[in-house]
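As a plain string of letters, each chain reads:
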Amino acid sequence: MKSGILKIASAAAFILFFLCGSGLLYRVFSWKDTSGDYYSSTDQLYSMKKNTVDVAFFGPSSYYASLNPAVFWEQDGIASFNAAVSGQDRNASTYFVKELLKKQSPQVVVVSATYLYTDTYAVQGNLLRNTLSLKASLNSTLLARDLVSKNAAVATPNDTKSFLLRWPIIHNRYLELKREDFVPVKEYENSLGFVYNFNYGSISEFSPASSDPSQAHPISEANKQWIMELKALGEKKGFQVIVVSVPTEMSAENRACLNGCYQYFDEIGISYLDLNFHLAEMDFDPYADMTDGNHATITGADKISRYLADYLLSKYSLPDRRGDQRYERYEKCLETHKHRILEAEEIPYLDSIQLCELSNTYRGLVTSITLHPGNESAAEFEELLKGAGVSASEIAAGGTWILKDGVILCRPVSKVYGYLVCAGDYLHVTPGETRGADTVSVGKTVYVTPENEGCCVLTYDTILGKVIDVREIH
C-alpha cells in the first residue's frame, strides 16, 4: 500500500517538475517580437477595467503611431484605446474587434482605411504579431486559420497547427534577450496602445495622387463583405463604425481604390474621414509631422488626435469621463504621456539645476547629485541643496545626495546606501575612498564611477520606470 502511494507521489512529482520545467523553457524559446520593441497593445487591452473604452481604434502601425489616447483624454475626456497591431489587415481586424467586445462596450469603432487596399502581410513578423497577440480563444483559433489561408506568401498550411498551439514558433534573439522580454515594460503599461515616435524623417510632402479624388475603382467583393460584417456587428452590439485614413503617402492605385470604397459607403451609410484632404485644417506638415510616408511623429500624432477628437464629438455624443474614478487608467496614461514628452523633448534643453528642480513640477522624479570636494561646479548646486536642508559644510565635504520632491531621501555616509525607486530597481550609492568618488548604480547598471571627475546628476523617472538622464558637469 505504502509502495503504491509512493509510486503515485513520485509520478505526480515528476509530472509537476516536467510541467514547470517545460513552462520555463517555453518562456525562453517561445516566439518574441523580432524587432525587440517589448510592446503589445493587446496585453494592455486585457488589463483594462470592464466597459471603460468608449472609442476603439483598429489598424496597422500607421494607427498606433497616429492616434494617442492621452491626447483624446486631455483635450475632451474621451476614453479611447488604440488596439492597432503592426501590419494588421482587414482579415485580422474583425477578430480583434470581437476580442475587445468581450470586456468593452465602445460607442464608436474606428477602423483604418488601409484595410481597403492592403489585405496581406509583407513579412512573417507582422503575421506572427497578429496571430499570437490574442489569448487562446475561438477568436484566436479562427484568426489563425483565416490568416494562414490568405497569406500564402509568408505562411503554409502546416503553420496553422503551430499558430494554434503557439509552439514550436521560436524567435532568433537569444543573445540579446533582456528582462523586458519576460516582464511588461513600465513605460508602455499606460500608453493604451499608442507607440511614441520621436524620430523625424525626410518626406517633404505627399504626392498629388495622395489627395486626388478624380479616379475611383469599384469596391471589391472582399471589402464589401468586410465592411458589411462590421456594420452588422455594430448594429448588434450598439457601436458606430467609422473608417478613417490617417495622413498617408498614397499611390494613384490605392487612392482610386479608397475613392471607390467611399462611394459605396455613402450608399450604405458608413461614415468615413480621409485626413489627406484636411492637412491644412490640421496645420499638418509632412516634413515635420511624418517619419516616413505612413508613420506620424509625436507632433503629427498630436495634431491628428486633436482633429479626430473634435470630429468624433461633432458626430457622436461621447461623454467626458474626466473626474470619474473608474477611469483612473486614463489619468495615468496622460501622466505617462507628459513624462515621455519631458524625457524626449524638454530635458535635453535644461541645465542641471533646472533638471534637479523638475521634481517640484513632475511627480515621481528621483535625482542623485554627486559632488566632488573643491570642484568649482559644486557651487551651482549650493542653493538647491541648502534649500533642501544640506549645510554648507556638508556640501564642501562632497558626496552623493538622493532627492525626491525637493526632499533629501539619503545623505552621504560611509557605507552603501540607496533608495528603492521602482519595483525591481534600486538606486544605490557605493562611497569611494575619497568623498565624491562614488559609484552610483540602478540595478546592475553603473551610471557614475570614481573616474568621473565632475559633478554628476542622475534622474530616475518612477512613472516610466527608468533612468531618463545622466550628465557630468565639469
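See the structure above.
First things first, this report covers the structure right here in the doc. Because the structure is predicted, anything quoted here is derived from the model rather than measured.

## Considering the pattern of salt bridges
All told, the structure shown has 20 salt bridges when counted by the stated rule. Note that Lys466 is salt-bridged to Glu187, the shortest N-O span being 3.2 Å. On the criterion of sequence distance, the pair formed by Lys466 in strand E14 (residues 466-473) and Glu187 in helix H9 (residues 186-189) is long-range, its members being 279 residues apart. Among the residues examined, Glu187 registers a relative accessible area of 9% and is labelled buried.

## Let's talk about the sheet that holds strand E9 (residues 417-422)
Spatially, the four strands line up as an open sheet ordered E9-E10-E11-E12, and their pairing is antiparallel. Edge positions in the sheet fall to E9 and strand E12 (445-448), since each of these pairs with one other strand and no more. When strand polarity is set aside, the average angle formed by the axes of neighbouring strands in this sheet is 25°. By the bridge criterion, five bridges tie E9 to strand E10 (residues 425-430) in an arrangement that is antiparallel. From the neighbouring strand, Tyr419 faces E10, where its bridge partner is Leu427.

## Considering the packing of helix H5 (residues 90-100) against helix H10 (residues 221-237)
Two quantities define a packed helix pair, namely the angle between the helix axes and the distance between the axes. Following both chains from N to C, one finds H5 and H10 inclined at 5°, their axes separated by 11 Å at the closest point. The orientation of H5 with respect to H10, classified from their angle, is roughly parallel. Each of Arg90, Ser93, Thr94, Val97 and Lys98 in H5 lies in contact with H10, whose residues at this interface are Ala222, Asn223, Trp226, Glu229, Leu230 and Leu233. Residues belonging to the contact of H5 with H10 are distributed by class as follows: five nonpolar, three polar and three charged.

## Here we look at helix H4 (residues 69-76)
Among the eight residues that make up H4, six are buried, leaving the element largely enclosed by the rest of the structure. Regarding H4, the residues found buried are Pro69, Ala70, Val71, Phe72, Trp73 and Asp76. As for H4, its buried residues are in contact with strand E1 (55-58), strand E2 (80-82), helix H14 (298-315) and helix H15 (328-346). One side-chain oxygen at the N-terminal end of H4 lies 3.0 Å from the backbone nitrogen of Ala70; it belongs to Asn68. In the segment just after H4, Gly77 is the residue with positive phi, at about 70°.

The rules behind these values
Residues numbered from 1 in each chain as written. Predicted model: local features only at pLDDT ≥ 70, side-chain atom pairs only at ≥ 80, totals over all residues. Heavy atoms only, no water. Salt bridge = Lys/Arg side-chain N within 4 Å of Asp/Glu carboxyl O. Helix = DSSP H or I, 4+ residues; strand = E, 2+ residues; numbered from the N terminus. Buried < 20%, exposed > 50% of the residue type's maximum accessible area, 1.4 Å probe, protein only. Pairing = 2+ DSSP bridges. Axes fitted to C-alpha atoms, helices over the stretch in contact; angles between N-to-C directions. Parallel < 35°, antiparallel > 145°, perpendicular 65-115°, else oblique. Contact = heavy atoms within 4.5 Å. Nonpolar A, V, L, I, M, F, W, Y, C, P; charged D, E, K, R; others polar. Polar contact = N/O pair within 3.5 Å; in protein donor to acceptor, adjacent residues only side chain to side chain.

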